[in-house]
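As a plain string of letters, each chain reads:
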Amino acid sequence: MQFLRYLCLAIALPCGMVAQTVLLLSTGNSTLNNQTKTVLENADYSVTIGNPYTTFTGAELEGVDVVLLFPNYNWSSGDMTLTAQTALKSFVQAGGGLITSEWTNWKVGAGSFDNLESILPVVSTTQYAGGSTITYTQVTSDSVLNSDLPSSFAFNGDSFAGVESLFAAKTGATVYYSSSGGSGGAGVVGWDVGSGRVIQLSTVAGSTQLAHSQYSLLLQNSVKWTAVPEPATYLLMLSGLAMIVLLARRRR
């Protein structure tokens, strides 16, 4: 019994040291920034509100696990610099996570974020829809993304000159949720990119949706899904296990 207690400590302590730090590129609205930050902090993530995507340089990625690219209020402000896009792409390929919302997909379809296009799991398009009530329905089971969520849930969509982008998954990507929204297609699509992961959400992730318990939980789960532990984390876990097991044997 004592050995099991040590074993649990060995597993729990290193896992607790896995930092899931989120960088939210500013949405262009401080209220929405803070609401998004609060939703994620409620799930024990450490959240930093960064510069808007137009002035993001890539230097802000130091120590970050997941980036949120939600160009909602500032969707019309321009493009991310090529240097910043290259840094973000390399960040994902090296093991980082990226989550995007509706306007990212539209802007790629309109010619922005050109260097990021290859790591995004959704076919770029400028097709979008308005409407209000949207239902996400589970298509592919995933223990992390689906955690504590029903097989389908409905929410009211926010509008920032549009509510939802038409989502069609690229070859090799996985549709986790379909959408009943006016644009049709998928609602949540993800895939692995190098050692990292990317998830795209079909809606704009505004204040009404973030106030919806199941949508906010989906966002929290998405951060966890994209926050792939680095190899060093596993080595830390194994070394912690070895140390605690050794201590347990010495006490016997």
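Everything below is about the structure printed above this text.
Before going further, it helps to examine unusual backbone geometry. Backbone geometry at Phe113 places phi at a positive 50°, although glycine is not the residue there. When you line up the elements, Phe113 lands in the loop between helix H4 (102–109) and strand S5 (128–129). Although it is not a glycine, Asp148 sits at a positive phi angle of roughly 65°. On the secondary structure map, Asp148 appears in the loop between strand S6 (133–138) and strand S7 (152–156).

By the definition in use, this model includes three salt bridges. In this structure, Lys37 and Glu41 form a salt bridge, with 2.5 Å as the shortest nitrogen-oxygen distance. Of this pair, Lys37 and Glu41 both sit in helix H2 (residues 30–41), separated by four residues, roughly a single helical turn. What makes Lys37 partly exposed here is its relative accessible area of 23%. On the basis of relative accessibility, which here comes to 33%, the residue Glu41 falls in the partly exposed class.

Looking now at helix H6 (residues 213–226). Helix length check: H6 (14 residues) gives 20 Å between terminal C-alpha atoms against 20 Å at 1.5 Å per residue, within 8%. Burial analysis of H6 places 11 of its 14 residues in the buried class, which makes it a mostly covered element. Taken residue by residue, H6 has Tyr215, Ser216, Leu217, Leu218, Leu219, Gln220, Asn221, Ser222, Val223, Trp225 and Thr226 as its buried positions.

Running from N to C, H2 and H6 cross one another at 70°; their axes reach a closest spacing of 9 Å. With respect to H6, the element H2 is oriented roughly perpendicular. Judged by the sense of rotation from one axis to the other, the crossing of H2 with H6 is right-handed. Note on element contacts: H6 touches H2 through Ser216, Leu219, Gln220 and Val223, opposite Thr36, Val39 and Leu40. A class-by-class count of the residues in the contact of H2 with H6 yields four nonpolar, three polar and no charged.

Counting 35 residues, the largest nonpolar core has Leu68 and Tyr136 as the members making the most contacts within it. Of all the secondary structure elements, the ones that give two or more residues to this core are strand S1 (21–26), H2, strand S3 (66–69), S6, S7, strand S9 (174–179), strand S11 (196–201) and H6. Looking at this core element by element, the count peaks at six residues for H6. Once residues within four sequence positions are removed from consideration, Leu68 is found in contact with Val22, Leu23, Leu24, Leu25, Thr36, Leu40, Ile99 and Val223. Within the second largest apolar cluster, 27 residues are counted, among which are Leu25, Leu69, Phe113 and Leu120.

For the rest of this paragraph, the subject is the sheet that holds strand S4 (residues 97–100). Sheet architecture is open: nine strands sit in the order S2-S1-S3-S4-S11-S10-S9-S6-S7, paired in mixed fashion. The strands lining the two open edges of the sheet, one partner per strand, are strand S2 (46–52) and S7. Ignoring which end each strand starts from, the neighbouring axes of this sheet average 20° apart. Here S4 runs beside S11; their pairing, made up of four bridges, is parallel. Looking at S11, one finds that Ile99 is bridged to Ile199. Across the sheet, H6 is in contact with S1, S3, S4, S6, S7, S9, strand S10 (186–193) and S11; its angle to S11 comes to roughly 160°.

Quick notes on the rules
- Residues numbered from 1 in each chain as written.
- Predicted model: local features only at pLDDT ≥ 70, side-chain atom pairs only at ≥ 80, totals over all residues.
- Heavy atoms only, no water.
- Helix = DSSP H or I, 4+ residues; strand = E, 2+ residues; numbered from the N terminus.
- Salt bridge = Lys/Arg side-chain N within 4 Å of Asp/Glu carboxyl O.
- Buried < 20%, exposed > 50% of the residue type's maximum accessible area, 1.4 Å probe, protein only.
- Expected span 1.5 Å × (residues − 1).
- Axes fitted to C-alpha atoms, helices over the stretch in contact; angles between N-to-C directions.
- Parallel < 35°, antiparallel > 145°, perpendicular 65-115°, else oblique.
- Left-handed = near helix turned anticlockwise from the far one by under 90°.
- Contact = heavy atoms within 4.5 Å.
- Nonpolar A, V, L, I, M, F, W, Y, C, P; charged D, E, K, R; others polar.
- Core = buried A, V, L, I, M, F, W, Y, C linked by side-chain atoms within 4.5 Å.
- Pairing = 2+ DSSP bridges.

Read these as spatial facts, not as claims about activity.
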